[in-house]
Amino acid sequence: MGERDAWKIRTAEPDDAEEISALHRASILSACASWYHPVQIRAWVERITPEVHRQLMADRRTRVALDDGAISAFCTMTMEEAMVNALYVAPFAMHRGAGQALLADAEEALLTAGRHEVNLHATLNAADFYRWLGYVDVREESTRIRGSSVALPAIVMRKPLI
Ligand SMILES: CC(C)(COP(=O)(O)OP(=O)(O)OC[C@H]1O[C@@H](n2cnc3c(N)ncnc32)[C@H](O)[C@@H]1OP(=O)(O)O)[C@@H](O)C(=O)NCCC(=O)NCCS
């Protein structure tokens, strides 16, 4: 079995919140920092805490990819909106198929629930990854970071599921 097939995926639990929060911050600092202004990066990273993730887990479907027991990536989604809200891979695990595996897991859950499209807001650095996986650009949109006056530009993308 190749590395791209080797990810164990499971539903996140409240005890994972510390690990997920740390990887979320590290992923932004590693992969997004050269695409956004330092003021945007600081405001973005500051609001990510274990408590925020515990709350997200309660409200949304959150899945994690494990490598040797360590959480290497997570994906949160809202089934009702057919929306992938966040997909982040730890710097040490990037480009090893975890992002692709978690996105396939999210798409499969939507299909199983009878939904035939998936929506997301791609960070500028990740848009090519999603295009490569069949997502198409809908429009550019800036979203204000909660509790801050700072906005983050992103690309609204959609993929039909068949
Ligand atoms: C973007 C991201 C989710 C991709 O996950 P990943 O596990 O690193 O990617 P995968 O290994 O599954 O990639 C599969 C393929 O997608 C393509 N790809 C991956 N990242 C890419 C990128 N940043 N740009 C263009 N293509 C990319 C490649 O073709 C890759 O295959 P290859 O490695 O054999 O060339 C991950 O790099 C990440 O967490 N980035 C920072 C956080 C972020 O921006 N998340 C998105 C928020 S919307």
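Residues numbered from 1 in each chain as written. Predicted model: local features only at pLDDT ≥ 70, side-chain atom pairs only at ≥ 80, totals over all residues.

Observations concerning the overall build of the protein chain
Regarding its fold elements, the protein chain presents five helices and seven strands. Start at the N end of the protein chain and walk to the C end: the helices and strands fall as β-α-α-α-β-β-β-α-β-α-β-β. For 162 residues, the compact-globule estimate of 2.2 N^0.38 gives 15 Å, and the protein chain sits close to it at 15 Å. Dimensions of the protein chain along its principal axes, counting C-alpha atoms only, are 40 × 35 × 30 Å. Taking as baseline every contact in the protein chain between residues at least 6 positions apart, the subset at least 24 positions apart corresponds to 62%. (Helix = DSSP H or I, 4+ residues; strand = E, 2+ residues; numbered from the N terminus. Rg over C-alpha atoms; globule rule 2.2 N^0.38 Å. Contact = placed C-beta atoms within 7 Å.)

Quick look at the pairing of strand β6 (residues 136-144)
Looking along a regular strand, one sees the side chains alternate between the two faces of the sheet. Of all the nine residues making up β6, zero are buried; the element is thus mostly uncovered. Bridging between β6 and strand β7 (residues 151-160) involves eight bridges; their strand directions are antiparallel. Bridge assignment links Asp137 to a residue of β7, and that residue is Met157. Taking the residues that link successive antiparallel strands as the turn, the β6-β7 hairpin has six residues, and the phi of Gly147 there is positive, at about 75 degrees. (Buried ≥ 20, exposed ≤ 12 C-beta atoms within 10 Å, placed from the backbone. Pairing = 2+ DSSP bridges.)

Some details on the site of the ligand
Close to the ligand lie 20 residues; Ala31, Val89, Gly99, Gln100 and Asp128 are nearest. Residue assignment for the shell around the ligand shows that the elements contributing at least two residues are α1 (17-32), β4 (83-89), α4 (98-112), β5 (117-123) and α5 (127-132). For the shell around the ligand, a count of residues per class yields 11 nonpolar, seven polar and two charged. (Near = placed C-beta within 6 Å. Nonpolar A, V, L, I, M, F, W, Y, C, P; charged D, E, K, R; others polar.)

Everything listed is a geometric property; what it means functionally is a separate question.
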